[in-house]
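# Topology and contacts: notes
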Amino acid sequence: MVILLSNDDGIYSDGIIALEKNLQGMGEIYTVAPDREQNSMSHALTLHRPLRVHEAGPGRLAVDGTPTDCVKLALTGLLPVRPDLVVSGINKGPNVGDDIIYSGTVSAAIEAALLGVPAIAVSLVTFEGFKFQAAAEFTATLVSRIQEGGLPLETLLNVNVPPLPKEQIKGWRITRQGKRHYGENIVERTDPRGKKYYWIGGDDLGFAHEDGTDCMAVHEGYISVTPLQVDLTNYKLLNENCIPSFNWP
Ligand code: MN
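The paragraphs below set out a description of the structure included in this document. (Residues numbered from 1 in each chain as written. Predicted model: local features only at pLDDT ≥ 70, side-chain atom pairs only at ≥ 80, totals over all residues. Heavy atoms only, no water.)

### Quick look at the pattern of salt bridges
To keep it simple, the criterion reads: Salt bridges are counted wherever a side-chain nitrogen of Lys or Arg sits within 4 Å of a carboxyl oxygen of Asp or Glu. Here a helix means four or more residues in a row that DSSP labels H or I, a strand means two or more in a row labelled E, and each is numbered from the N terminus.
In the structure shown here, the tally under the stated rule is 11 salt bridges. With a shortest N-O distance of 2.9 Å, Asp35 and Arg36 are connected by a salt bridge. The residue Glu220 makes a salt bridge to Arg173 at a minimum N-O spacing of 2.8 Å. Taken together, the residues span a long stretch of sequence, with Glu220 in the loop between helix 6 (214-219) and strand 13 (222-229) and Arg173 in strand 8 (residues 171-174) at a distance of 47 residues.

Listed below in structure tokens is the structure:
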């Protein structure tokens, strides 16, 4: 099995190094990741400038681009072989609920799914004191199960791991995407030349306490695994015919 690793925290992040260590021996491992932090880049693709790639160790390539750039390059010619699986992470910080839309970690996995390669995004739900071991071990087990059973086309798994030692994690749950609450804290200041500038804050105001969600599973001490799809169609609207009908032209 050929496994491609990527992330949005950059190729030197401890999170991706933990994946390299724990997936070693499960197959042929390649790492193609941004050369610096690319958080909240979502699915940005670099089209307005060339991308440079440099070696960052055996089987490790650093790209001066986004997570999506990395996976696209890796799957379309940069690697000598086509990966069977893409694993993105382990991210430093949660990717639950609304985070998923902004996440570079999840987008690397989405890009793989778009290109027909099964993918997993893995995130550690904390912003400090990162201990990746339990998350890396769970990922290794999940990878070996996918190795046996595969994943449906255009599907990716979004994994979020509570920041607990392995013994304290209660288990894992299949979940749906929940709802995160962010603060609407935009700082407005004046620069030294008298012009206004704005800084988007990231206050975490908690989440909607709904059973079955990614937010809730992690909150209760479980690893959350959410199957995501690339198709954003709202099938409910499509089937229930709830868009008002009118004649046009
Ligand atoms: Mn990140």
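### A look at the coordination of the manganese ion
For a metal with four tetrahedral donors the ideal donor-metal-donor angle is 109.5 degrees, whereas six octahedral donors ideally subtend 90 or 180 degrees. What counts here: In this analysis a donor is any N, O or S atom within 2.8 Å of a metal ion (3.2 Å for sodium, potassium and calcium), and since water is not included, sites may seem incomplete. Buried, partly exposed and exposed residues are distinguished by accessible area as a fraction of the type maximum, computed with a 1.4 Å probe on protein chains only: under 20%, between the cut-offs, and over 50%, respectively.
Coordination sphere of the manganese ion, protein contribution only: Asp8 (OD), Asp9 (OD), Asn39 (OD1) and Asn91 (OD1), at 2.0 to 2.1 Å. Donor residues for the manganese ion, ordered by position in the chain, follow D-D-x29-N-x51-N. With Asp8 in the loop between strand 1 (2-6) and helix 1 (14-23) and Asn39 in the loop between strand 2 (28-34) and strand 3 (53-55), this residue pair connects regions lying 31 residues apart in the sequence. Asp8 gets classed as buried once you look at its relative accessible area, which sits at 3%. You can call Asn39 partly exposed: its relative accessible area is 35%.

### With respect to helix 5 (residues 133-149)
How we decide: The length a helix should cover is 1.5 Å for every residue beyond the first.
Helix length check: helix 5 (17 residues) gives 24 Å between terminal C-alpha atoms against 24 Å at 1.5 Å per residue, within 8%. What helix 5 keeps buried is the set Ala134, Ala135, Ala136, Phe138, Thr139, Ala140, Leu142, Val143 and Ile146. Positive phi appears at Gly150, one or two residues downstream of helix 5, with a value of about 75°.

### Examining the environment of Pro163
Basically, it comes down to this: Should any heavy atoms of two residues lie within 4.5 Å, those residues are considered in contact.
Positionally, Pro163 belongs in the loop between strand 7 (155-161) and strand 8. With a relative accessible area of 46%, Pro163 lands in the partly exposed category. Distance from Pro163 to Val32, taken between C-alpha atoms, is 26 Å for residues 131 residues apart in sequence. Those residues in contact with Pro163 that sit more than four places away from it in its chain are Leu124, Val125 and Thr126.

### A short note on the pairing of strand 2
Consecutive side chains of a regular strand alternate in pointing toward one face of the sheet and then the other. To be explicit about the condition: A pair of strands is treated as paired once DSSP finds two or more bridges between them.
Among the 7 residues of strand 2, 5 are classified as buried, and the element is accordingly described as predominantly covered. The pairing of strand 2 with strand 4 (residues 60-63) spans 4 bridges and is parallel. The residue of strand 4 that forms the bridge with Thr31 is Arg60.

### Regarding the packing of aromatic side chains
Quick reminder of the rule: Any Phe, Tyr or Trp ring, taking Trp's six-membered ring, that has another such ring centre within 6.5 Å forms a pair; planes under 30 degrees apart are called stacked, those over 60 apart edge-to-face, and the others tilted. Whether a charge lies above a ring is judged from NZ of Lys or CZ of Arg, which has to be within 6 Å of the ring centre and within 35 degrees of the ring normal.
Per the stated rule, a full pass over the model turns up 3 aromatic pairs. Consider the rings of Phe130 and Phe132, whose centres lie 6.0 Å apart with planes at 5°: the pair is stacked. Judged by its relative accessible area of 29%, Phe130 falls in the partly exposed class. A cation over an aromatic ring shows up here: Arg173 above the ring of Tyr222, its NZ or CZ 3.8 Å from the ring centre.

### Some thoughts on the packing of helix 1 against helix 5
Note the threshold: Under this scheme, a helix contributes an axis fitted over its contacting stretch, all axes are lines through C-alpha atoms, and angles between N-to-C directions fall in the 0 to 180 degree range. Working definition: roughly parallel below 35 degrees, roughly antiparallel above 145 degrees, roughly perpendicular at 65 to 115 degrees, and oblique for all remaining angles. The sense of a crossing depends on the near helix, which, turned anticlockwise from the far helix by less than a right angle, makes the crossing left-handed and, turned clockwise, makes it right-handed.
Their axes nearest at 9 Å, the elements helix 1 and helix 5 cross at an angle of 50°. Between helix 1 and helix 5, the interaxial angle falls into the category oblique. Our pair here, helix 1 against helix 5, has a crossing hand that is right-handed. On helix 5, the residues touching Ala18, Leu19, Asn22 and Leu23 of helix 1 are Gln133, Ala136, Glu137, Thr139, Ala140 and Val143.

### Re helix 1
Taken together, the buried positions of helix 1 are occupied by Gly15, Ile16, Ala18, Leu19, Glu20 and Leu23. Along its buried surface, helix 1 packs onto strand 1, strand 2, strand 4, strand 5 (85-92) and helix 5.

### Focus: the nonpolar core
Selection rule: The term nonpolar core refers to a set of buried residues drawn from Ala, Val, Leu, Ile, Met, Phe, Trp, Tyr and Cys, joined through side-chain atoms within 4.5 Å.
Core analysis: the biggest nonpolar cluster contains 32 residues, and Leu23, Val87, Ile90, Ile120, Val143, Val159 and Val161 have the highest contact counts within it. If you list the elements that add at least two residues to this core, you get strand 1, helix 1, strand 5, strand 6 (119-124), helix 5, strand 7 and strand 13. Per element, the largest residue contribution to this core is 8 residues, and it comes from helix 5. If we skip the residues at most four places from it in the chain, Val143 touches Met1, Ile3, Leu23, Met26, Leu85, Val87 and Ile120.

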